Amino acid sequence: MNARQLKTNVYWIGAIDWDRRLFDALIPLPDGTSYNAYLVQGSQKVALIDTVDPSMIHVLMAHLENVPAIDYVIANHAEQDHASSIPQVLAKYPDAKVVTTPKGKDMLIALLLIPEDRFITVSDGETLSLGDKTLEFIHAPWVHWPETMLTYLREDKILFPCDLFGSHLATTDLYVTNEGQVYEAAKRYFAEIMMPFRTSIEKHLEKLNSYKIDTIAPSHGPLYDKASFIMEAYRSWVFDSPKNIVVLPYISMHGSTQKMVEYFVGALADKGVTVKQFNLAATDIGKLAMTLVDAATMVIGTPTVLVGPHPNIAYAAFLANALRPRLQFISIIGSYGWGSKAVEQLKGMIPNLKAEVLDPVIIKGFPREEDLKALDNLASTIAKKHKERGFA
Ligand code: FEO
């Protein structure tokens, strides 16, 4: 796609990756993604803000074909999808300097072997004049790596936050046109990489309150010409209380756990609790992560495999533990044939989740009347606890 103009002498020069379906060999990308780079041409100096994934470097270099000079390459983030094209850009522009945080410099040297003398490091709040345009650098560590910063173009009131506020979405729309679609994609992205750093994100949001922002130009997905849309969404994901939602990742081998899950979901729904049920035999793990942003409770449904939880369930527990959602309550339901230590093993896998563990319902074989009653009791306990905490 050709360069797109944001403001006078400010251009999107990124790459759209329609076909990518997996990020970090882990995160599903159902709608592709983009790697947004930006060119800011001041009256005296020219800056390139972020670069693109190595798979798309030819696209960036084509954008730069008729750009005679770049003075600064702003590296908001050292991860390869934004930084890995920097060495080629530096090779094309031998006088260009990389502008980043001190930690960003360390990481870019380690990851991309960029020579030390190609860097300018900036402190929090430092500015860089391009002539009639001024870049201000806002240190924002732990967007999901420790070196991250945001860049604010003062005269045009554009924030370039790299991953923050981004969405994995391939689209020809420069700006958001379908808010519902972008909300989902941005929430999925927040859940997958930023949720564990929620306290840092809170600080970044508070810091940004003092900036007048007309446009947010992230490095993935469409841009926001209504900054309040995505900022309000982020505020709700980090500041709001959990919701009256149970997330239920499960798997069943011979139908017993399936029967328990079906009964239990019905019981919770009867008591006014919303349930998001995910069969991990065929689920998009990103949707599970997205649900963990809001859910007050997680109930894991697992059969027993060689005394422990099913491996797919162990994977989901490991992931939930790493993502550190705001879960307040956790429980486990499931069945075994001849013996189980699934509960003990699962509890050991989730030390980061500071949630109250509610009595599990683990049964031998296919559920009987008394087992269904135990599931009813667990559903009642969850509904009562959600109500007591005011989760709506
Ligand atoms: Fe889009 Fe953390 O890289």
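Attention here is on the structure that accompanies the text.

Parameters at a glance
Residues numbered from 1 in each chain as written. Predicted model: local features only at pLDDT ≥ 70, side-chain atom pairs only at ≥ 80, totals over all residues. Heavy atoms only, no water. Helix = DSSP H or I, 4+ residues; strand = E, 2+ residues; numbered from the N terminus. Buried < 20%, exposed > 50% of the residue type's maximum accessible area, 1.4 Å probe, protein only. Contact = heavy atoms within 4.5 Å. Areas by Shrake-Rupley, 256 points an atom, 1.4 Å probe, with all protein chains shown as cover. Lys, Arg positive; Asp, Glu negative; His and termini not counted. Charge placed at Lys NZ, Arg CZ, Asp CG, Glu CD. Salt bridge = Lys/Arg side-chain N within 4 Å of Asp/Glu carboxyl O. Pairing = 2+ DSSP bridges. Axes fitted to C-alpha atoms, helices over the stretch in contact; angles between N-to-C directions.

### Re the overall build of the protein chain
When helices and strands are tallied, the protein chain shows 12 helices and 23 strands. Counting only C-alpha atoms and orienting by the principal axes, one finds that the protein chain spans roughly 80 × 40 × 35 Å. Looking at the protein chain as a whole, 57% of its 392 residues qualify as buried. In the protein chain, 73% of the contacts between residues at least 6 apart in sequence involve partners at least 24 apart. Here the protein chain displays about 16000 Å² of accessible surface, and carbon together with sulfur accounts for 50% of that area. Put simply, the protein chain has 38 plus and 44 minus side-chain charges, and the middle of one group is 6 Å from the middle of the other.

### With respect to the pattern of salt bridges
Summed over all chains, the structure comprises 12 salt bridges. In this structure, the salt-bridge partner of Lys 187 is Asp 294, at a minimum N-O distance of 2.3 Å. Placement of Lys 187 in helix H5 (residues 179–194) and of Asp 294 in the loop between helix H9 (285–292) and strand S19 (295–305) is noted, with a sequence separation of 107 residues between them. By the burial criterion, Lys 187 is buried, and Asp 294 matches it. With a shortest N-O distance of 2.6 Å, Arg 188 and Asp 284 are connected by a salt bridge. Highlighted residues: Arg 188 in helix H5 and Asp 284 in the loop between strand S18 (274–279) and H9, separated in sequence by 96 residues. Residues joined by salt bridges that share partners form a network here, namely Arg 188, Glu 192 and Asp 284.

### As for the pairing of strand S16 (residues 215–218)
Burial along S16 is two-sided: Thr 215 and Ala 217 and Ile 216 and Pro 218, pointing in opposite directions, are all buried. Pairing geometry for strand S15 (residues 158–162) and S16, over three bridges, is parallel. Residue pairing for S16: Ile 158 is matched across the bridge by Thr 215.

### Focus: the sheet that holds S16
The mixed open sheet is built from five strands, whose spatial order is S12-S13-S14-S15-S16. Edge strands, defined here as strands with exactly one partner in the open sheet, are strand S12 (127–129) and S16. Neighbour-to-neighbour, the strand axes of this sheet turn through a mean angle of 20°, independent of strand direction. In this sheet, strand S13 (residues 134–139) lies alongside S12 in antiparallel orientation, the contact comprising three bridges. Residue pairing across strands places Thr 127 opposite Glu 136, the latter belonging to S13.

### Brief notes about the sheet that holds strand S7 (residues 38–41)
Read across the sheet, seven strands follow the order S1-S2-S7-S8-S9-S10-S11 without closing on themselves; strand pairing throughout is mixed. The outermost strands of the open sheet, each flanked by one partner alone, are strand S1 (4–7) and strand S11 (119–121). Put simply, the sheet's adjacent strands are angled 25° from each other on average, direction ignored. Of the strand pairs in this sheet, strand S9 (residues 72–74) and strand S10 (residues 97–100) are connected by three bridges, and their pairing is parallel.

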